[in-house]
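Each chain, letter by letter, is given below.
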Amino acid sequence: MADILLLRRTARTSWYRWAMHTLIFIGFTGLLVFHALDDIISYPFISGYESTLDPWQWLRNLFGGMALAGVCLAVARRLGNRQLKAISRPQDWLLLGIVGGIMLSGFLLEATKIISPNVFDRMTESYFLPEEETDVPALQAYWSARNGVIFSPPASTDADLVAKGEELSANNCNYCHSDTASAFLSRALSTAISPAAQTLNTTHADEYFWYLHIVLALLALALMPYGKFLHPVATPANLAARGGSHTATPPLASAAARKLGLEACTRCGECSLHCSVAPAHAAIGNANILPSEKLVSLRKYADDGLSDHDADAFAEGSRICTECLRCTEICPSGINLQELWLSSKESLKQRELDGPNTTIRQCNALQWAEVLSAQGKSRFEQIKGNGLADKAESFWGCVQCTTCTSVCPVVAVSEAPAKDLDLTPQQIMNLLRMGLKDQTLAARMVWSCTTCYKCQEHCPQNIQVADILFELRQIATERLKERKLTACPLPAATSGRFSDTTRDIQGQGSDSEGGKA
């Protein structure tokens, strides 16, 4: 409940975003209760309720002001953060525009009604029965002086007439109308637009603002089942389903839970701002590397709505993800992104849409070493410059202690690592020390690594084993992509295991058959 009502997860990530969402959440909820749904909620359950009486009139302005302030903070956040601005989609701006438009048109509607003599005339004709000839002028004088109505020609300012108008208003109007001063924002806006009062009154601007207000509200309702517009419902539901869990462990791992998680995204961009492989997006330009953008593609993928090109981009983004858990831990909506990424990767694999992960297994590692070595560096490598696998200081400290292999879960589940994985992690480090980087690119170990980081965390020499394996996989991917290789160009080999070829030149560090420490 704290996650839903107090937005506790949002507060953990950013107080600015917490203030922004709290303003919108409280403001919009208050307006639903005391304005949009008052026929259903307020009138039946609050004795003497009238929307134009205090404190409800004052509260309505307060809630509207809070929601509008929250929208302004959201717009400023997206415009002020270059990365967030770059990934903001039309739907993000559309939602802010509609919510802000509803608030602003509501204030303009109330402000133009305050200054409108047409509205005054309609009210007096409907609810006021004058007994004397001076009753209506007296009421006009009072409402002009006290409540801001701008008559043309101007109402009298005679003190006696104003006093009579006050008495008439108290007997005929005050049972359902408080002073417009309590509508503090609308009244201030009416004062600001008062120089244009005659034009606004002549053109019946209040009617246009009413239509605009209603159309925007209906548009918001019509769009509610789609994408981000559903998050006011889906996000609390997802948080409730998460049961307060802040970890990646799925309390409810099912297709329904995944679907709910997809719909709960508010596209706040926090996951992308904290993504550990965001620099890869800057280098490659594939938006699917960023979690918030990959989630959009995942929705389309789930509905079979991705083209072949978009499916390749989605597969690349999924492949580059290191499953470091940052996005899941930071997500204010409590979406179990980690579980979504793992399940989508498995689905891509089953449908043979995971790009190089499928292609690389069409030849053995020895053949790919031949193909990829002959190609030379890709444009990506040339632009990126030397990475961890090119710098001797990255792996030179490796003492071949086999700790990385001992803790590797991929090696642990393999009955024959030499056959299943070609090389073990410490063997890959050894080949790099010998300057044989190209010979490691297609090793099954590189492509089977789960990036769990156990090797890196346990390495006594602090070698970035997992990061190096990830980089090797990316280098191979870019070379395949540059040559547009979607299949192995060599005949499938039936023999020639990589480990058989490299065993002699390594001659150290592993057992002779499996490489399992």
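Description of the structure in this document. Here the structure is a predicted model, which is why all the values come from computation and not from measurement.

Quick word on helix 8 (residues 117-127)
Here's step 1: Taken together, the buried positions of helix 8 are Pro117, Val119, Phe120 and Thr124. Axial view of helix 8: buried residues confined to an arc of 155 degrees, hence all on one face. Opposite the buried face of helix 8, by more than 90 degrees, sit the exposed residues Glu125 and Ser126.
Here's step 2: Summarising the contacts, the buried residues of helix 8 are in contact with helix 7 (90-115), helix 9 (135-147), helix 12 (197-202) and helix 13 (205-223).
Here's step 3: N-capping of helix 8 is provided by Ser116, with a side-chain oxygen placed 3.2 Å from the backbone N of Asn118.

A closer look at the layout of surface pockets
Here's step 1: The volume enclosed by the second largest pocket comes to roughly 700 Å³.
Here's step 2: As for the second largest pocket, its lining consists of 28 residues, of which Asp308, Asp312, Gly355, Pro356 and Thr486 are closest to the centre.
Here's step 3: Secondary-structure elements contributing two or more residues to the lining of the second largest pocket are helix 19 (308-320), helix 22 (356-359) and helix 32 (465-482).
Here's step 4: Broken down by element, the lining of the second largest pocket gets its largest block of residues, eight residues, from helix 19.
Here's step 5: By residue class, the composition of the lining of the second largest pocket is nine nonpolar, ten polar and nine charged.

Topic: the pattern of salt bridges
Here's step 1: All told, the structure shown has 18 salt bridges when counted by the stated rule.
Here's step 2: In this structure, Glu293 and Arg267 form a salt bridge, with 3.3 Å as the shortest nitrogen-oxygen distance. Here Glu293, found in helix 18 (residues 291-302), pairs with Arg267, found in the loop between helix 15 (255-263) and helix 16 (270-273); they are 26 residues apart in sequence, far enough to count as distant.
Here's step 3: The exposure class assigned to Glu293 is buried, which follows from its relative accessible area of 4%.

Things to note about the nonpolar core
Here's step 1: Counting 38 residues, the largest nonpolar core has Trp368, Ile428, Met429, Leu432, Met445, Leu469 and Leu472 as its most contacted members.
Here's step 2: For this core, the secondary-structure elements that each account for two or more residues are helix 23 (365-375), helix 27 (409-412), helix 29 (425-433), helix 30 (444-448) and helix 32.
Here's step 3: Excluding residues within four positions of it along the chain, Met445 makes contact with Cys408, Val410, Val411, Leu421, Leu423, Thr424, Pro425 and Ile428.

A word on helix 29
It helps to recall that an α-helix has 3.6 residues per turn; residues three or four apart then point in one direction.
Here's step 1: In terms of residue burial, helix 29 counts as a mostly covered element, since eight of its nine residues are buried.
Here's step 2: Taken as a whole, helix 29 has its buried residues at Pro425, Gln426, Gln427, Ile428, Met429, Asn430, Leu431 and Leu432.
Here's step 3: In the stretch just after helix 29, Gly435 is the one whose phi turns positive, near 75 degrees.

With respect to the side chain of His231
Here's step 1: On the secondary structure map, His231 appears in helix 14 (residues 231-242).
Here's step 2: The exposure class of His231 is buried, given its relative accessible area of 15%.
Here's step 3: Residues within four places of His231 in sequence aside, it is in contact with Leu95, Pro236, Glu263, Ala264, Cys265 and Thr266.

What to know about the packing of helix 18 against helix 19
Here's step 1: In contact at an axis separation of 10 Å, helix 18 and helix 19 are set at 125 degrees when each is read in the N-to-C sense. As far as their axial angle goes, helix 19 and helix 18 are oblique. At the point where helix 18 passes helix 19, the crossing takes the left-handed sense. Facing helix 18, whose interface residues are Lys294, Ser297, Leu298 and Tyr301, helix 19 presents Phe314, Gly317 and Ser318.

Points about the environment of Pro279
Here's step 1: Relative to the elements of secondary structure, Pro279 occurs in helix 17 (residues 278-284).
Here's step 2: Considering only alpha carbons, one finds Pro279 and Gly30, 249 residues apart in sequence, at a separation of 42 Å.

Some details on the state of the cysteines
Here's step 1: For the coordinates displayed, the defined rule picks out zero disulfides.
Here's step 2: The thiol of Cys331 is unpaired, and the distance to the nearest cysteine sulfur, on Cys268, comes to 6.4 Å.
Here's step 3: Note on Cys398: no disulfide assigned, nearest cysteine sulfur contributed by Cys404 at a separation of 6.3 Å.
Here's step 4: Judged by its relative accessible area of 10%, Cys398 is buried.

Some points on the environment of Asp390
Here's step 1: Tracing the chain through its elements places Asp390 in the loop between helix 24 (379-384) and helix 25 (392-395).
Here's step 2: Using a relative accessible area of 29% as the deciding quantity, one classes Asp390 as partly exposed.
Here's step 3: Residues Asp390 and Ala197 lie 193 residues apart in sequence; the distance between their C-alpha atoms is 73 Å.
Here's step 4: Those residues in contact with Asp390 that lie beyond four places of it in its chain are Gly385 and Lys437.
Here's step 5: Among the polar contacts made by the side chain of Asp390, one reaches the side chain of Lys437 at a distance of 2.8 Å.

Considering unusual backbone geometry
Here's step 1: The omega torsion of the bond from Asp54 to Pro55 falls at 5 degrees, within 30 degrees of zero and hence cis.
Here's step 2: Residue position: Pro55 is located in the loop between helix 4 (42-45) and helix 5 (56-80).
Here's step 3: Residue Pro153 follows Ser152 across a cis peptide bond; omega there is 0 degrees.
Here's step 4: Inspection of the secondary structure puts Pro153 in the loop between helix 9 and helix 10 (159-172).
Here's step 5: One non-glycine residue, Gln400, adopts positive backbone phi at about 55 degrees.
Here's step 6: Topologically, Gln400 is positioned in the loop between helix 25 and helix 26 (403-407).
Here's step 7: If you check the backbone angles, Asn462 has positive phi at about 55 degrees while not being a glycine.
Here's step 8: With respect to the helices and strands, Asn462 occurs in the loop between helix 31 (454-458) and helix 32.

Parameters and conventions
Residues numbered from 1 in each chain as written. Predicted model: local features only at pLDDT ≥ 70, side-chain atom pairs only at ≥ 80, totals over all residues. Heavy atoms only, no water. Buried < 20%, exposed > 50% of the residue type's maximum accessible area, 1.4 Å probe, protein only. Helix = DSSP H or I, 4+ residues; strand = E, 2+ residues; numbered from the N terminus. Arc of directions from axis to C-beta. Contact = heavy atoms within 4.5 Å. Polar contact = N/O pair within 3.5 Å; in protein donor to acceptor, adjacent residues only side chain to side chain. 1 Å grid on protein atoms, 1.4 Å probe; cavity = no way out; pocket = protein on both sides within 12 Å on 5 of 7 lines; lining within 4 Å. Points joined across faces, edges and corners; volume = space filled by probe spheres on them. Nonpolar A, V, L, I, M, F, W, Y, C, P; charged D, E, K, R; others polar. Salt bridge = Lys/Arg side-chain N within 4 Å of Asp/Glu carboxyl O. Core = buried A, V, L, I, M, F, W, Y, C linked by side-chain atoms within 4.5 Å. Axes fitted to C-alpha atoms, helices over the stretch in contact; angles between N-to-C directions. Parallel < 35°, antiparallel > 145°, perpendicular 65-115°, else oblique. Left-handed = near helix turned anticlockwise from the far one by under 90°. Disulfide = S-S within 2.5 Å.

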